[in-house]
Amino acid sequence: AQSVTQLDSQVPVFEEAPVELRCNYSSSVSVYLFWYVQYPNQGLQLLLKYLSGSTLVKGINGFEAEFNKSQTSFHLRKPSVHISDTAEYFCAVISMDSSYKLIFGSGTRLLVRP
Amino acid sequence: EPEVTQTPSHQVTQMGQEVILRCVPISNHLYFYWYRQILGQKVEFLVSFYNNEISEKSEIFDDQFSVERPDGSNFTLKIRSTKLEDSAMYFCASSVGTGLLEQYFGPGTRLTVT
């Protein structure tokens, strides 16, 4: 079975500051990794994904994430946040054992203050 | 840009009533999913659907739930006899195939069972 842990339920940060949202996963098989963002009253939108290859992946809106297999982590980072980045961020995995269901973490609310 | 749509945006129903939540996936997508998010909890997988049959379902998806693709465009989730604990946001998602793995989410239907 797979599980995803997002330890920070809320991360407050000032505008233009850097931010890191943490994600750790547990799985007995290899996984694909995703970050989704949910703006208020909207559905989930894919930010970025790691399938294979380079462990540093770049996504939309200036976000990037680094896959660390030894630490089973996939932390999301942005060097300078904007007010418009205020949203809920979800880390998720899909296992490579031919199951295509996304397994989500509990989410981290990023609150960007002026 | 194509998007997944869901109707209604909010549904209020009484306990024991049947509800049907509707989704229109992206037109060339072949895989369809339902997820739900109880307030304050994780987004949870309910069911995946491909080639007019269920590919996988979670333990949440019991006999009270059913899915259907009644025509070439709609994908529905039916709850036969709603319970208070069915109150949640229900998200539909679709993907073009398993190779790309990216699931596109709709904006969700908020179901309130009273």
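Residues numbered from 1 in each chain as written. Chains lettered and ligands numbered in written order. Predicted model: local features only at pLDDT ≥ 70, side-chain atom pairs only at ≥ 80, totals over all residues. Heavy atoms only, no water.

1. Points about the nonpolar core
Most often, soluble globular proteins have nonpolar side chains that are buried together.
Point 1. Of all hydrophobic cores here, the largest spans 29 residues; its most connected members are A:Trp35, A:Leu48, A:Phe74, A:Leu76 and A:Tyr89.
Point 2. Setting aside anything within four residues of it in sequence, one finds A:Leu76 in contact with A:Val19, A:Glu20, A:Leu21, A:Trp35, A:Leu47, A:Leu48, A:Phe63, A:Glu64, A:Ala65 and A:Tyr89.
Point 3. Within the second largest apolar cluster, 23 residues are counted, among which are B:Val4, B:Phe32, B:Val67 and B:Ile79. (Core = buried A, V, L, I, M, F, W, Y, C linked by side-chain atoms within 4.5 Å. Buried < 20%, exposed > 50% of the residue type's maximum accessible area, 1.4 Å probe, protein only. Contact = heavy atoms within 4.5 Å.)

2. So, the pattern of salt bridges
Residues and elements named next belong to chain A.
Point 1. All told, the structure shown has 8 salt bridges over all chains when counted by the stated rule.
Point 2. The residue Asp85 makes a salt bridge to Lys78 at a minimum N-O spacing of 2.8 Å. The same class applies to Asp85 as to Lys78, namely buried.
Point 3. When salt bridges that share partners are traced, they join Glu20, Glu66 and Arg77 into one network. (Salt bridge = Lys/Arg side-chain N within 4 Å of Asp/Glu carboxyl O.)

3. Remarks on the interface of chain B and chain A
Point 1. Counting residues at the interface gives 16 residues for chain B, matched by 20 residues for chain A.
Point 2. It is B:Lys42, B:Leu101 and B:Phe105 in chain B that bury the most area against chain A; as a group they hold 34% of the surface buried on that side.
Point 3. Summed over the shared surface of chain B and chain A, the number is 2 salt bridges.
Point 4. Taking the shortest distance from any N to any O, the salt bridge between A:Lys49 and B:Glu102 comes out at 3.9 Å.
Point 5. For the interface between chain B and chain A, the tally reads 4 residue pairs in polar contact (both at pLDDT 80 or more).
Point 6. Secondary structure elements with two or more residues in the side of chain B that touches chain A: strand S4 (31-37) and strand S5 (43-50) of chain B. (Buried area = accessible area lost by both parts, 1.4 Å probe. Polar contact = N/O pair within 3.5 Å; in protein donor to acceptor, adjacent residues only side chain to side chain. Helix = DSSP H or I, 4+ residues; strand = E, 2+ residues; numbered from the N terminus.)

4. Some details on the packing of aromatic side chains
All names here are of chain B.
Point 1. By the definition in use, this model includes 18 aromatic pairs over all chains.
Point 2. For the ring pair Phe91 and Phe105, a centre distance of 6.5 Å and an interplane angle of 80° mean the geometry is edge-to-face. Remark: Phe105 occurs in strand S10 (residues 104-105) and Phe91 occurs in strand S9 (residues 88-95); sequence separation between them is 14 residues. Note on accessibility: Phe91 and Phe105 belong to one class, buried. (Phe/Tyr/Trp six-rings, centres within 6.5 Å; stacked < 30°, edge-to-face > 60°.)

5. Considering the environment of A:Gly62
Point 1. Tracing the chain through its elements places A:Gly62 in the loop between strand S7 (56-58) and strand S8 (64-68).
Point 2. C-alpha separation for the pair A:Gly62 and A:Pro18, spaced 44 residues apart in sequence, amounts to 11 Å.

6. A word on the side chain of A:Ser73
Residues and elements named next belong to chain A.
Point 1. Tracing the sequence through the fold places Ser73 in strand S9 (residues 73-78).
Point 2. According to the relative accessible area criterion, Ser73 is buried, its value standing at 3%.
Point 3. Setting aside anything within four residues of it in sequence, one finds Ser73 in contact with Cys23, Asn24, Tyr25, Glu66, Phe67 and Asn68.

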